[in-house]
Amino acid sequence: MFRKAVKSRVLKKKNDTLGSLLHETIKKQREEIRTAMMKFPYFNSWPEDKIHQCCVHSVIITYGENDIVRVKDDANVDVTQFVLEGKVTVIQRLVVQRYKDKINPNKKCYRLYKDQNAIPDSKLNLESIFMQICHLRDGATFGLGEELCKHTITAHKGTKCLIIPRHIVIQNFVLDNIWEKIILFLNTVYPTLEDVFEQFLISRNWKEYSENLYNSHSSRAPPTNICIHDIPLTIRSMDLNYSKCFEGAKNNPLYLIGENSSSSTLVSIVSKKESYSREKKAKNDQNIKKKGY
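The paragraphs below set out a description of the structure included in this document.

### Considerations on the sheet that holds strand β8 (residues 160–165)
With antiparallel pairing, 4 strands are arranged side by side in an open sheet as β1-β8-β2-β6. The sheet is open, and its two borders are formed by β1 (59–62) and β6 (141–142), each paired with just one other strand. As paired strands, β1 and β8 are joined by 4 bridges and run antiparallel to one another. Counted as the bridge partner of threonine 62 is lysine 160 from β8.

### Some words on the side chain of threonine 154
By secondary structure assignment, the location of threonine 154 is in strand β7 (residues 151–155). Sequence-distant contacts of threonine 154, defined by excluding residues within four places in its chain, comprise Asn66, Asp67, Ile68, Val69, Val88, Thr89 and Ile91.

### So, the pattern of salt bridges
Enumeration according to the criterion identifies 5 salt bridges in this entry. Glutamate 48 is paired through a salt bridge with arginine 34; the nearest N and O atoms lie 2.6 Å apart. Note that glutamate 48 is positioned in helix α2 (residues 48–57) and arginine 34 in helix α1 (residues 2–37), a separation of 14 residues in sequence. Across the salt bridge formed by arginine 204 and glutamate 208, the nearest N and O atoms sit 3.9 Å from each other. Of the two residues, arginine 204 and glutamate 208 both sit in helix α5 (residues 193–218), 4 residues apart, roughly one turn of that helix. You can call glutamate 208 partly exposed: its relative accessible area is 24%. Members of the salt-bridge network, linked through shared partners, are Lys72, Asp78 and Arg166.

### Details of the packing of aromatic side chains
Within this structure, the stated rule accounts for 12 aromatic pairs. A ring pair is formed by phenylalanine 43 and phenylalanine 82, whose centres lie 5.4 Å apart and whose planes are at 65°; its orientation type is edge-to-face. Note that phenylalanine 43 is positioned in the loop between α1 and α2 and phenylalanine 82 in strand β2 (residues 79–85), a separation of 39 residues in sequence. Across the pair, phenylalanine 82 and phenylalanine 43 agree in class, each one buried. With a centroid separation of 5.8 Å and 40° between ring planes, the pair formed by tryptophan 206 and tyrosine 209 is classed as tilted. Of this pair, tryptophan 206 and tyrosine 209 both sit in helix α5, 3 residues apart, roughly one helical turn. The class of tyrosine 209 is partly exposed, set by a relative accessible area of 49%. Pairwise contacts between aromatic rings join Phe40, Tyr42, Phe43, Trp46, Phe82 and Trp179 into one cluster. The cationic tip of arginine 111 hangs over the ring face of tyrosine 99; the distance from NZ or CZ to the ring centre is 4.1 Å.

### Some points on the pairing of β7
Within β7, 4 of the 5 residues are buried, which leaves the element mostly enclosed by the surrounding structure. Sheet topology places strand β3 (residues 87–100) next to β7; 5 bridges connect them, and they run antiparallel. For isoleucine 91, the partnering residue across the bridge sits in β7 and is threonine 152.

### Some thoughts on unusual backbone geometry
The phi angle at asparagine 66 is positive, at roughly 65°, despite the residue not being glycine. Positionally, asparagine 66 belongs in the loop between β1 and β2. The class of asparagine 66 is exposed, set by a relative accessible area of 53%. Despite not being glycine, asparagine 125 has its phi angle at roughly 60°, a positive value. Tracing the backbone shows asparagine 125 in the loop between β4 (108–112) and β5 (126–137).

Cut-off values and rules
Each chain has its residues counted from 1, following the order in which its sequence is written. Totals for whole chains, interfaces and linings use all residues, but because this is a predicted model, local features are given only for residues with pLDDT of at least 70 and pairs of side-chain atoms are given and counted only at 80 or more. Values shown for side chains rest on all heavy atoms present in the structure; no hydrogens or waters enter the calculation. For two strands to be treated as a pair, DSSP must find at least two bridges joining them. Secondary structure elements are taken from DSSP: a helix is a run of H or I of four residues or more, a strand is a run of E of two residues or more, and numbering for both begins at the N terminus. Here, residues are in contact when the closest pair of their heavy atoms is within 4.5 Å. Counted as salt bridges are all cases of a side-chain nitrogen of Lys or Arg within 4 Å of a carboxyl oxygen of Asp or Glu. Exposure categories follow from relative accessible area, calculated using a 1.4 Å probe and restricted to protein chains: below 20% of the type maximum is buried, above 50% is exposed, and the middle band is partly exposed. Any Phe, Tyr or Trp ring, taking Trp's six-membered ring, that has another such ring centre within 6.5 Å forms a pair; planes under 30 degrees apart are called stacked, those over 60 apart edge-to-face, and the others tilted. The criterion is that NZ of a Lys, or CZ of an Arg, lies within 6 Å of the ring centre and within 35 degrees of the ring normal, and then a charge sits over that ring.

What follows is the structure in structure tokens.
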């Protein structure tokens, strides 16, 4: 009896501790969700019971690099995502068909395939192209019901999002019907399928042109029959003037400074000065003798 009583008290104490710990954890999570909701002005007019209901059914998730951000949860329920930190990238999938140009058979051409739900097929020359169309940064909202059937959303490293079930967001009244305005704005921002395909063709043509231009210049052999007459006369005359100045500078006693040691340079300068003075004195003496003084 004593052992059973002690064991029941220990289990009760453990259950109380676990219950209080779980209660504190849930309370902390709901406070964090409430703080995140208040960063968006859409929830300022919500009553307290609706905010509490939203905190119960919502969650905050931090994504890693290139994680897929879904607009449906694990139970296949539509959800709305509010970006708290970081940014996400919206990528659109295109199904294109490759064909050869009639004029230039070596050139690859593409057309937009009529069935965008088709899978890649080598027999039909079908390919899937993924184009980045926009970034959604902190403060943005998506998953309200806008057209995202052909889009994939990937997160950057450290992106944090508040995830709320869509039916809770839509069923609660917001002033000025803000949800419908956001849906209309997102559908306007996202480019159409034809616009994305046109941008794909422009980018591909530019890539081919730049590669061909680089290859044509890199493969060109350097000329080997260059002679001095191919150099402009103005440049050659400048070289001639520089050569004359250089020959005159070599006769200067200070020309060799820095090429020898300091002591040898000083001796050479003194000796050249003395020889210069002797040559000058000898010339003066010769002039005096010629004049008959």
